[in-house]
Amino acid sequence: MARPEAEMLKDGGAHPVGEGAFQALQALMMLAEPDRAAQLYEELGAAQRERLLKEAAQAPKEERQRLAEVMRQARDFSGAARMLDGCGAEALVAELYVQGGQYVDAAEAYLRAGQVERAAAAFERGGALERALEAYRGLGAREQMAQCLVRLGRPYEAALLYRELGQAHAEVEALGSVPAGDPRHLESVLRMCTLLDGAGFTRRALALLADTMRGSEAARADPALAAEKARLLRRMGMDAEAEAVIARLPASASAPEANGYGYLKAIPIFGELSLEDMKDLYRVARQVLIPAGAVLLEKGSQGVGLFVLLEGTVEVFSGSEPEARRLNTLGPGAYLGEISLVQDAPVSAQVKARTAVRALRITRAGFQHYLDTHEAAALRIFRLFTQNLAARVRALSV
């Protein structure tokens, strides 16, 4: 008659590797010898371990928990997690799956445990990016959503999220990943130019635009890109080059922003306004005609609000004295006095109309009323104003 396994094991008998492995492990656990049980488990082949798992799945909860501890000691973390499935220890199951490198299974366990944030991170780590995106969306974690979108090859959507978050550098990086074949590529380039210029990197924006136009016939024929190139050239004081770019545009495209809405929308501090808020702001603006030779802004005086040039050119001087240096010449698309909208400070230069000028004007009083009645827009404007101001300070310090 065969001796009971518990007695054989107690006497140091051979480990019964093969059939009945679960019974042998049970015997060792009854003898409180987890080390020998773990050693026996380690000696089993993969097929034997799989059979053991199926056999043990019907065992009482307490036995499965003890066996899971043996498996954990033998470093079969995934097996231990499976053994604990249904025992009400989902957080522990998830951690064991993580140790076993099975991140998607870990994520599912975290979800069952109600730990959605950890589940999202585990899905992302396991490459289940759509599931991770779904979980992050439920959490409202926009930065993590944006990271997933970039990894999923959806950089334009990521850029929109970074724009909402006010993370201009991350938005630029995401937009830079929009491929040339994407229908939103040129729009992405324009947005990158606006961001770079607003941060004080006008030369870099111009180089990006020139490279884009050099590599694409569609880009060279795009009037919006040409107008942006002319604007950047004027910002760099290269008026002749800017006029040459405008001269090459078709007559129908030479003044694409006749009503000024697009120019107003492109100003960096308005970059996060919703469509309705942007339309409301546009309705605050009034078109004004300024004769040649008239002074728009006087150095040292209080700012009078924002001017957005639609037609004509103005010159920027270091002061009002006859020998004052000419600092710049600006044309359609340029804007002046935006700082006076949010900060009561004296004007730092004199601006004089070189030709007759048509412009949009938003007064400080009109803008203040707009802020008072558009709370969400006000928060976005002040945040971007602060970021752009900080970027200018950094650029000046360099």
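Labelled according to an unreviewed UniProt entry, the protein chain appears under the name Cyclic nucleotide-binding domain-containing protein, originating from Pyxidicoccus fallax.

Engineer: Break down the overall build of the protein chain for me, with residues and values.
Structural biologist: Broken down by element type, the protein chain carries 23 helices and 8 strands. Counting every position in the protein chain, which comprises 398 residues, the buried fraction comes to 44%. For the protein chain, contacts bridging at least 24 residues in sequence account for 54% of all contacts bridging at least 6. When the accessible surface of the protein chain is split by element, carbon and sulfur atoms take 53% of a total near 20300 Å².

Engineer: Give me the lowdown on the sheet that holds strand β4 (residues 314-317), citing residues and values where you can.
Structural biologist: Adjacent strands of a sheet form backbone hydrogen bonds with each other and so pair up, either parallel or antiparallel. A sheet is described by the order of its strands in space; here 4 strands give the open sequence β2-β7-β4-β5, paired in antiparallel fashion. In the strand order of this sheet, the two ends are held by β2 (295-297) and β5 (326-330), each with one partner. The mean inter-strand angle of the sheet, taken between neighbouring strand axes irrespective of direction, is 25°. Across 4 bridges, β4 lies against strand β7 (residues 350-353) in antiparallel orientation. Considered in β7, the bridge of Val 316 is made with Val 351.

Engineer: Which residues make up the pairing of β4, and what values go with them?
Structural biologist: Across the two faces of β4 the burial is the same, with Val 314 and Val 316 and Glu 315 and Phe 317 all buried. Strand direction decides the pairing type here: β4 and β5, joined by 4 bridges, are antiparallel. Within the sheet, the bridge partner assigned to Phe 317 lies in β5 and is Arg 326.

Engineer: So what about the packing of aromatic side chains? Which residues, and what values?
Structural biologist: For the coordinates displayed, the defined rule picks out 3 aromatic pairs. Consider the rings of Tyr 261 and Tyr 282, whose centres lie 5.4 Å apart with planes at 90°: the pair is edge-to-face. You can see Tyr 261 sitting in helix α19 (residues 261-265) and its partner Tyr 282 sitting in helix α20 (residues 275-284), a full 21 residues away along the chain. You can call Tyr 261 buried: its relative accessible area is 13%. Connected via pairs of aromatic rings, a cluster forms that spans Phe 270, Phe 367 and Tyr 370. The ring of Tyr 261 is capped by Lys 279, whose NZ or CZ atom sits 4.4 Å from the centre of that ring.

Engineer: Break down the side chain of Glu 171 for me, with residues and values.
Structural biologist: Tracing the sequence through the fold places Glu 171 in helix α13 (residues 168-175). Every residue in contact with Glu 171, bar those within four places of it in the chain, is listed here: Ala 159, Tyr 162, Arg 163, Arg 191 and Leu 195.

Engineer: Got a sec to walk through the packing of helix α5 (residues 61-73) against helix α6 (residues 77-84)? Specific residues and values, please.
Structural biologist: Two numbers describe how α5 lies on α6: the axes approach to 8 Å, and their chain directions differ by 170°. If you check the angle between α5 and α6, you find them roughly antiparallel. For the pair α5 and α6, the contacting residues are Arg 64, Gln 65, Leu 67, Ala 68, Met 71 and Arg 72 in the first and Phe 77, Gly 79, Ala 80, Met 83 and Leu 84 in the second. Class assignment of the residues belonging to the contact of α5 with α6 gives a composition of 7 nonpolar, 2 polar and 2 charged.

Engineer: Give me the lowdown on the nonpolar core, citing residues and values where you can.
Structural biologist: Tyr 41, Leu 67, Met 71, Met 83 and Tyr 136 are the most contacted members of the largest nonpolar core, which totals 52 residues. Two domains each provide a minimum of three residues to this core, namely domain 1 (21-139) and domain 2 (178-245). Of all hydrophobic cores here, the second largest spans 25 residues; its members include Ile 267, Met 278, Val 308 and Ala 378.

Engineer: Explain a nonpolar patch on the surface to me, and be specific about the residues and the numbers.
Structural biologist: Together, Leu 111, Val 116 and Leu 139 make up an exposed nonpolar region whose accessible area comes to about 200 Å². Within the secondary structure, Val 116 is located in helix α9 (residues 116-125). The partly exposed category is assigned to Val 116, whose relative accessible area is 31%.

Engineer: Outline the pairing of strand β8 (residues 357-362), supporting the account with residue identities and numerical values.
Structural biologist: Regular strands have side chains that alternate between both faces of the sheet. Buried residues dominate β8, accounting for 5 of its 6 residues. As paired strands, strand β1 (residues 286-290) and β8 are joined by 5 bridges and run antiparallel to one another. Looking at the pairing, Arg 286 lines up with Arg 361 of β8. Judged from the 5 bridges that link them, strand β3 (residues 306-311) and β8 form a sheet pairing that is antiparallel. Within β8, the position partnered with Phe 307 by the bridge is Arg 361.

Scoring rules and cut-offs
Residues take numbers from 1 onward in each chain, read along the sequence in its written order. Under the rules for a predicted model, residues below a pLDDT of 70 receive no local features and side-chain atom pairs below 80 are neither given nor counted, while totals for whole chains, interfaces and linings still include all residues. Think of the side-chain values as coming from all heavy atoms in the structure, minus any hydrogens and water. Helix and strand labels come from DSSP, where a helix needs a run of H or I of at least four residues and a strand needs a run of E of at least two; each type is numbered from the N terminus. Relative accessibility decides the category of a residue: with a 1.4 Å probe and only protein chains considered, values under 20% of the type maximum give buried, values over 50% give exposed, and everything between is partly exposed. Whether two residues touch is decided by their heavy atoms; if any such pair falls within 4.5 Å, the residues are in contact. Calculation of accessible area relied on Shrake-Rupley with a 1.4 Å probe; when residues are assessed, cover is drawn exclusively from the protein chains displayed. Only when DSSP finds a minimum of two bridges between them are two strands counted as paired. Inter-axis angles, ranging from 0 to 180 degrees, are taken between N-to-C directions of lines fitted to C-alpha atoms, where helices are fitted over the stretch in contact. Two rings from Phe, Tyr or Trp (for Trp, the six-membered ring) form a pair when their centres sit within 6.5 Å of each other. Planes less than 30 degrees apart are called stacked, planes more than 60 degrees apart edge-to-face, and all others tilted. When the NZ atom of lysine or the CZ atom of arginine is within 6 Å of a ring's centre and also within 35 degrees of its normal, the charge is said to sit over that ring. Note on terminology: angles under 35 degrees are roughly parallel, angles over 145 are roughly antiparallel, angles of 65 to 115 are roughly perpendicular, and the others are oblique. Three classes are used, and their members are as follows: Ala, Val, Leu, Ile, Met, Phe, Trp, Tyr, Cys and Pro are nonpolar, Asp, Glu, Lys and Arg are charged, and the others, Gly among them, are polar. Among the buried residues, those of types Ala, Val, Leu, Ile, Met, Phe, Trp, Tyr and Cys that are joined through side-chain atoms within 4.5 Å form a nonpolar core. Throughout, the edges of the domains are those of an automatic or database domain assignment. Patches were defined on residues exceeding 30% relative accessible area and lacking a salt bridge, with like-charge contacts within 9 Å and nonpolar side-chain contacts (Val, Leu, Ile, Met, Phe, Trp, Tyr) within 5 Å. Here a salt bridge means any side-chain nitrogen of Lys or Arg lying within 4 Å of a carboxyl oxygen belonging to Asp or Glu.

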